[in-house]
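Here's the letter readout for the chains.
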Amino acid sequence: MCCKKDNCSPSSCSCRGGKIERFIEPCLLLLLKKNQPSHGYELLDNLNAFGLNNDPGSVYRTLRRLENEQMVKSSWDTEGTGPAKRLYELSPEGEKLLADWITNFKNTRKNLDKFIKEYQDLEG
């Protein structure tokens, strides 16, 4: 939430805040760490928990990029009925990238907490 409205969203907020660029990437990495292997549609459904309402194209493009960067591995799941589906897993390199994201988030949170405290001190 980035303004005084209870229902504030990045698309309706005048401060232009609320969006962390590439936030989908660490979210996908965390979901894979938690529930691997996973199908893309499972990952897409679980992104809602992080406030992301991504389109399937964005999720699959990010997964493809992460796979090209060797952060994620995929294989074809041919079990069951219907067409084969991709299963995604986190690679050791992806585990390290996720840890780096967490370190970055902790530092960012510390700076944001400091900023908010400064503002609250001014408001009394």
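Structure shown above.
Note that the structure is predicted; figures quoted are calculated from it, not measured.

Caption draft 1: Region of interest: the overall build of the chain. Counting its secondary structure elements, the chain contains 4 helices and 3 strands. In the chain, the succession of α and β elements from N to C terminus is α-β-α-α-β-β-α. Classification of the 124 residues of the chain by burial places 27% in the buried group. The long-range share in the chain, meaning contacts at least 24 apart out of those at least 6 apart in sequence, stands at 48%. Approximately 9,000 Å² of the chain is accessible, and the part contributed by carbon and sulfur atoms is 51%.

Caption draft 2: Structural context of the pattern of salt bridges. If you walk through the whole model with that rule in mind, you get 6 salt bridges. Within this structure, Arg 22, Glu 25, Arg 65 and Glu 69 form a network of salt bridges that share partners.

Caption draft 3: Representation of the sheet that holds strand 2 (residues 72–77). Pairing within the open sheet is antiparallel, and its 3 strands lie in the order 1-3-2. Edge positions in the open sheet fall to strand 1 (38–39) and strand 2, since each of these has one partner strand only. Across the sheet, helix 1 (residues 24–34) lies against strand 1, strand 2 and strand 3 (85–90), angled at about 90 degrees from strand 3, the strand it touches most. Strands in contact with helix 3 (residues 56–68) are strand 2 and strand 3; relative to strand 2, the strand with the most contacts, it is inclined by about 115 degrees.

Caption draft 4: View of the pairing of strand 3. The sheet contact formed by strand 1 and strand 3 spans 2 bridges and is antiparallel. Counted as the bridge partner of His 39 is Leu 87 from strand 3. One ladder, built from 6 bridges, connects strand 2 with strand 3; its direction is antiparallel. Bridge pairing in strand 3 places Asp 77 opposite Lys 85.

Caption draft 5: Highlighting the packing of aromatic side chains. In this structure the tally under the stated criterion is 2 aromatic pairs. Ring geometry for Trp 101 versus Phe 105: centroids 5.3 Å apart, planes at 45 degrees, classification tilted. Separated by 4 residues within a single helix, Trp 101 and Phe 105 lie in helix 4 (residues 92–123), roughly one turn from each other. Taken together, the ring pairs in this structure connect Phe 23, Trp 101 and Phe 105 into an aromatic cluster.

Caption draft 6: Representation of the packing of helix 1 against helix 4 within the structure. Direction vectors running N to C along helix 1 and helix 4 enclose 125 degrees, while the axes themselves pass 10 Å from each other. Classified by the angle their axes make, helix 1 and helix 4 are oblique. Our pair here, helix 1 against helix 4, has a crossing hand that is left-handed. Contacts from Glu 25, Pro 26, Leu 29, Leu 30 and Lys 33 of helix 1 reach helix 4 at Gly 94, Glu 95, Leu 97, Leu 98, Trp 101 and Phe 105. Its residues assigned to classes, the contact of helix 1 with helix 4 shows 7 nonpolar, 1 polar and 3 charged.

Caption draft 7: The environment of Lys 73, seen in detail. Here Lys 73 shows up in strand 2. Sequence spacing of Lys 73 and Pro 37 is 36 residues, and the spatial spacing of their C-alpha atoms is 9.4 Å. Excluding its chain neighbours within four sequence positions, the residues that come into contact with Lys 73 are Glu 67, Leu 87, Tyr 88, Glu 89, Leu 90 and Ser 91.

Definitions and cut-offs
- Residues numbered from 1 in each chain as written.
- Predicted model: local features only at pLDDT ≥ 70, side-chain atom pairs only at ≥ 80, totals over all residues.
- Heavy atoms only, no water.
- Helix = DSSP H or I, 4+ residues; strand = E, 2+ residues; numbered from the N terminus.
- Buried < 20%, exposed > 50% of the residue type's maximum accessible area, 1.4 Å probe, protein only.
- Contact = heavy atoms within 4.5 Å.
- Areas by Shrake-Rupley, 256 points an atom, 1.4 Å probe, with all protein chains shown as cover.
- Salt bridge = Lys/Arg side-chain N within 4 Å of Asp/Glu carboxyl O.
- Pairing = 2+ DSSP bridges.
- Axes fitted to C-alpha atoms, helices over the stretch in contact; angles between N-to-C directions.
- Phe/Tyr/Trp six-rings, centres within 6.5 Å; stacked < 30°, edge-to-face > 60°.
- Parallel < 35°, antiparallel > 145°, perpendicular 65-115°, else oblique.
- Left-handed = near helix turned anticlockwise from the far one by under 90°.
- Nonpolar A, V, L, I, M, F, W, Y, C, P; charged D, E, K, R; others polar.

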